[in-house]
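Listed here are the chains, written in short residue letters.
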Amino acid sequence: MMNRFLLPLGVFILLAVVLYVGVQNSPDREHLRSVLIGKPAPQFTLPDLMNPGQTLSNAQFKGKPYLLNVWGTWCVTCRVEHPMLMQLAQKQAVPIIGLNWKDEDESLAHEWLQEFGNPYTAIAQDKPGREAINWGVTAAPETFLVDAEGIVQYRLAGAMTPEIWEKEFLPRIQGNPTVSR
Amino acid sequence: MVPELGHFALILALLLAGLQAFFGIAGPALGRDRWVAAVTPAVAGQFVMICTALACLVASFVNLDFSVLYVASNANSALPLIYRVAAVWGAHEGSLLLWIFLLGVWTVAVAIGVTRLPKRFGARVLGVLGIISFAFLLFALATSNPFERLFPAAPDGRDLNPLLQDPALALHPPMLYTGYVGFSVAFAFACAAMLEGKMDQVWARWTRPWTTAAWGFLSMGIALGSWWAYYELGWGGYWFWDAVENASFMPWLAGTALIHSLAVTDKRGLFKSWTLLLAILAFSLSLLGTFLVRSGSITSVHAFAADPGRGMFILGFFVIIVGGALALYAWRAPLLKSQAGFDVLSRESFLLFNNILLIVATAVVFGGTLAPLIAEATGYTLSVGTPYFNAMFPIPMIPLLALLPIGIQAAWKRGHLSEKKKRLLMWLAISVALSVAVVVGIFGRSLVLTPVGYAVAFWIIISSLVDPIDRIRRRLSLPRSVIGMTVAHIALAIFVIGITSVESYTQERDIAVGPGETVTLGNYAFRFDKIENMEGPNYDGVRGHFSVTHEGKPILNLTPEKRLYWVQRQSMTEAGIGSYWGSNIFLALGDDLGAGKWSVRLQIRPLVNYVWIAAFLMALGGGIAASDRRYRTARQPATAGEVSAAGGPLPGKAG
């Protein structure tokens with residue numbers, strides 16, 4: 001026989017189930033989906049950090065998939081992420097284009113690259129932060145996967161980790177015929 | 001070295017919390033008095049370790065040790081010293097440590113308090129607190145270690161979130177957590193009573209001051225948060241029904257119900273199982289708040305960074321602690337019988353209505369806060385906003401307020417209102433007349449509920465004050481519990497007056513204005529004198545100068561600011577706020593529209609300050625009531641023994 005003193009426990013169990021589902025769903029919300037996914041990547045022509053006086057455009061990388069990594073020397077999480085980018089660069093898995101975001105002075109970025117290594121194929125400079133707005137960047141670091149057709153396939157808000165690389169990036173690079181070509 | 005010391009102290013604290021829980025629960029259960037005697041030393045040792053850990057984290061912040069990830073993420077060399085200390089609880093890891101520290105403070109206070117109680121009961125209370133502390137320490141060490149190193153160290157840190165660089169917000173989390181965590185004491189008392197299988201009026205007397213004190217802190221914490229939101233967020237409101245605000249409001253509502261239900265259990269030995277359930281509920285809602293804020297299951301302006309791993313962990317211990325307590329309740333509560341009855345118009349009845357209405361109010365907030373989550377679990381998306389809460393919340397609150405003046409005049413046990421009915425009706429008539437006078441005489445216009453709000457508030461004030469004034473006139477003693485109650489009830493009335501005025505008579509205007517121009521709102525005129533650049537320790541920005549006149553008479557100058565914090569590149573609004581005759585004049589500087597124009601938000605909010613003053617008065621009332629001598633003398637061993645012997649074990653004693 002059901003006794004009324006069991007009722008609170010019953011209600012609580014129901015609540016716990018709802019919270020459980022809530023927690024399960026929350027990762028989707030964390031890796032905020034970008035409105036750019038499935039759309040052509042914004043085109044930019046920006047100062048080239050490594051070749052002063054020259055410009056760099058992402059149009060020249062079309063035909064192969066690439067990563068666009070948004071970073072800045074002021075960003076602590078970027079420092080945490082850096083070794084992972086170095087590993088990816090060593091594997092030569094895919095070119096990594098850097099978008100140096102809101103660094104006030106080139107020398108800061110050069111010091112950083114000298115000290116920790118340079119994983120980037122090329123680095124575009126976005127001092128005023130305008131280009132980042134086109135990409136919908138909310139906080140550094142962020143990494144976008146752009147396929148060979150120039151279509152944005154994935155957006156990662158936060159640091160790249162081996163798990164995320166294996167789970168989210170690799171399948172999209174290898175599995176997608178337009179990307180792997 | 002310092003961070004490692006802190007980390008090590010946390011591990012030792014975890015072990016000591018485990019011992020405290022084990023000896024506290026197993027000692028009394030197996031009748032081993034030496035185990036029981038080991039509980040207090042474990043409490044003391046654990047507290048020393050937690051203090052050490054907190055001191056290490058504070059030291060890392062003060063010394064700006066950017067080799068600690070948490071420091072590098074939440075401080076910067078330009079951050080002023082006071083905010084380096086406040087930055088300790090500026091994000092998830094450190095605020096969790098603060099939570100644990102405050103639990104330690106409460107536990108030590110309880111350990112001192114229970115020396116006057118039966119030894120085994122005290123050990124059980126401390127044992128339950130040990131379980132909670134163990135769970136939080138394990139959570140901190142497993143998922144949220146604030147001492148994690150960053151290698152190589154950062155040259156400078158990311159800085160504290162500019163939103164948190166504010167005096168009120170530096171104080172808001174400690175106050176709020178003191179309240180949240182304080183409900184763990186009532187929870188532990190309830191669990192200990194259920195473990196003993198015995199609960200009597202003396203139990204309620206032991207529990208009351210702790211609960212009232214926790215409630216006072218929670219009131220203050222919520223008020224500080226609301227005040228901060230008013231002037232810092234630049235939205236110009238005092239309450240937004242945001243999920244995180246609601247998470248702190250639900251335990252407050254349930255705690256308010258608990259305070260009243262405890263009064264009945266204390267005075268009359270009634271509502272026993274209901275009081276136990278409320279004690280569990282109040283703390284469970286505190287835990288739920290912690291869960292919602294830290295798990296990322298709910299999106300909100302001030303939620304911590306989402307982390308599903310952490311969410312799973314908190315959910316796990318939430319289920320164990322609350323589920324365990326409710327299972328204990330299902331097992332033991334049927335044994336508690338209340339002997340005495342009461343009449344329909346007795347004070348017991350009114351307190352029962354109070355409890356029902358407060359729980360309905362809690363359910364309204366709970367439903368609105370969790371509906372999006374429930375909808376998502378079934379595959380829909382749903383957002384519940386202010387209109388829902390504004391429409392639903394008054395439904396239980398208006399009868400609650402209207403019954404208050406009658407309830408405090410009602411006698412215990414017997415329901416004879418007849419001789420008081422006349423007086424109550426007379427006071428009501430006076431209140432209605434006053435209310436009409438205010439509405440017609442001062443403001444000259446009104447919403448439907450405006451006169452109702454004022455009338456109820458005046459009625460509460462008159463009905464609350466009559467008896468205390470009468471006692472003072474007859475030179476009778478006035479116990480602190482009665483003074484505290486009266487202060488809190490009058491504070492509630494002041495609160496209602498504040499809300500009624502703000503909701504009925506707020507004027508606002510968003511407008512573009514340039515230097516030299518004047519804009520008007522109601523009887524007020526605002527002249528935009530000039531705008532200048534300025535620089536602070538870790539931000540720069542602009543400051544506007546406005547002179548305000550009321551019917552042509554200059555009354556004050558406002559200097560709203562718009563700051564850009566360098567490191568996080570976040571812009572912040574510091575509203576210019578002044579008051580004139582109780583009206584709050586709010587001016588926030590918006591965006592530079594170009595061509596010398598700025599967007600500006602103007603608001604005149606009559607008596608909005610009453611909302612916060614009332615909350616502080618409520619906390620004060622709680623403090624006065626909790627310090628009543630009656631609670632202290634009840635803890636003398638002889639008295640406690642006598643009373644409990646006289647009251648006898650309950651009919652259904654099983655333990």
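Check the entry above for the structure.
Residues numbered from 1 in each chain as written. Chains lettered and ligands numbered in written order. Predicted model: local features only at pLDDT ≥ 70, side-chain atom pairs only at ≥ 80, totals over all residues.

What exactly am I supposed to notice about the overall build of chain A here?
Scanning chain A from terminus to terminus reveals 6 helices and 7 strands. When the helices and strands of chain A are read in sequence order from the N terminus, they spell out α-β-β-β-α-β-α-β-α-β-β-α-α. Put simply, 74% of the contacts in chain A that link residues at least 6 apart link residues at least 24 apart. (Helix = DSSP H or I, 4+ residues; strand = E, 2+ residues; numbered from the N terminus. Contact = placed C-beta atoms within 7 Å.)

It is not clear to me how the nonpolar core should be interpreted in this structure. Could you clarify?
In summary, soluble globular proteins display a tendency toward joint burial of nonpolar side chains. All names here are of chain B. With 232 residues, the main nonpolar core has A186, A279 and I280 as its most contacted residues. When residues of this core are assigned to their parent elements, the largest contribution, 19 residues, is made by helix α8 (residues 167-196). Contact partners of A279, with chain neighbours within four places excluded, come to A186, F187, F189, A190 and L258. F546, V548, I577 and L587 belong to the second largest nonpolar core, which has 17 residues in total. (Core = buried A, V, L, I, M, F, W, Y, C linked by C-beta atoms within 7 Å. Buried ≥ 20, exposed ≤ 12 C-beta atoms within 10 Å, placed from the backbone.)

Hey, could you run me through the packing of α8(B) against helix α10 (residues 243-268) of chain B in this one?
Any two packed helices are characterised by how steeply their axes cross, that is the angle between the axes, and by the distance between the axes. Residues and elements named next belong to chain B. The geometry of α8 relative to α10 is characterised by a closest axis approach of 11 Å and an angle of 45° between their N-to-C directions. The angle between α8 and α10 places the two elements in the oblique class. The chirality of how α8 crosses α10 is left-handed. Across from L176, Y180, F183 and A186 in α8, the residues of α10 making contact are S248, P251, G255 and L258. Its residues assigned to classes, the contact of α8 with α10 comprises 6 nonpolar, 2 polar and no charged. (Axes fitted to C-alpha atoms, helices over the stretch in contact; angles between N-to-C directions. Parallel < 35°, antiparallel > 145°, perpendicular 65-115°, else oblique. Left-handed = near helix turned anticlockwise from the far one by under 90°. Nonpolar A, V, L, I, M, F, W, Y, C, P; charged D, E, K, R; others polar.)

Quick question: what am I supposed to make of unusual backbone geometry here?
Note: most residues except glycine have negative phi, and most peptide bonds are trans. All names here are of chain B. For F271, which is not glycine, the phi dihedral falls at a positive 55°. Mapped onto the secondary structure, F271 falls in the loop between α10 and α11 (272-295). Non-glycine residue E551 carries a positive phi angle of around 50°. Looking at E551, the number of C-beta atoms within 10 Å reads 9, which means it is exposed.

Help me understand the pairing of strand β8 (residues 576-580) of chain B in this model?
In regular strands, side chains alternate between the two faces of the sheet. Residue and element names in this part refer to chain B. Two strands pair when backbone bridges link them, and β8 and strand β9 (residues 583-594) are joined in this way by 5 bridges, in the antiparallel orientation. Across the sheet, G576 pairs through a bridge with L587, a residue of β9. Here β8 folds back onto β9, and the loop between the two strands holds 2 residues, one of which, W581, carries a positive phi near 50°. (Pairing = 2+ DSSP bridges.)

Sorry, what's going on with the packing of helix α1 (residues 2-30) of chain B against helix α7 (residues 119-143) of chain B here?
Residues and elements named next belong to chain B. Interhelical geometry of α1 versus α7 gives an angle of 150° and a closest axis separation of 7 Å. Relative to α7, α1 is oriented roughly antiparallel. Both α1 and α7 take part in a crossing whose hand is left-handed. Residue composition of the contact of α1 with α7, grouped by class: 16 nonpolar, 7 polar and 2 charged.

Any chance you could explain the sheet that holds strand β4 (residues 96-101) of chain A here in plain terms?
To summarise the sheet geometry, strands pair through backbone hydrogen bonds and adopt either a parallel or an antiparallel arrangement. Residue and element names in this part refer to chain A. In spatial order, the strands read β5-β4-β3-β6-β7; together these 5 strands make up an open sheet with mixed pairing. The outermost strands of the open sheet, each flanked by one partner alone, are β5 (122-126) and β7 (152-157). On average, each strand axis in the sheet is tilted by 20° relative to the strand beside it, whichever way the strands run. With 5 bridges connecting them, β4 and β5 associate as parallel partners. Residue pairing for β5: N100 is matched across the bridge by Q125.

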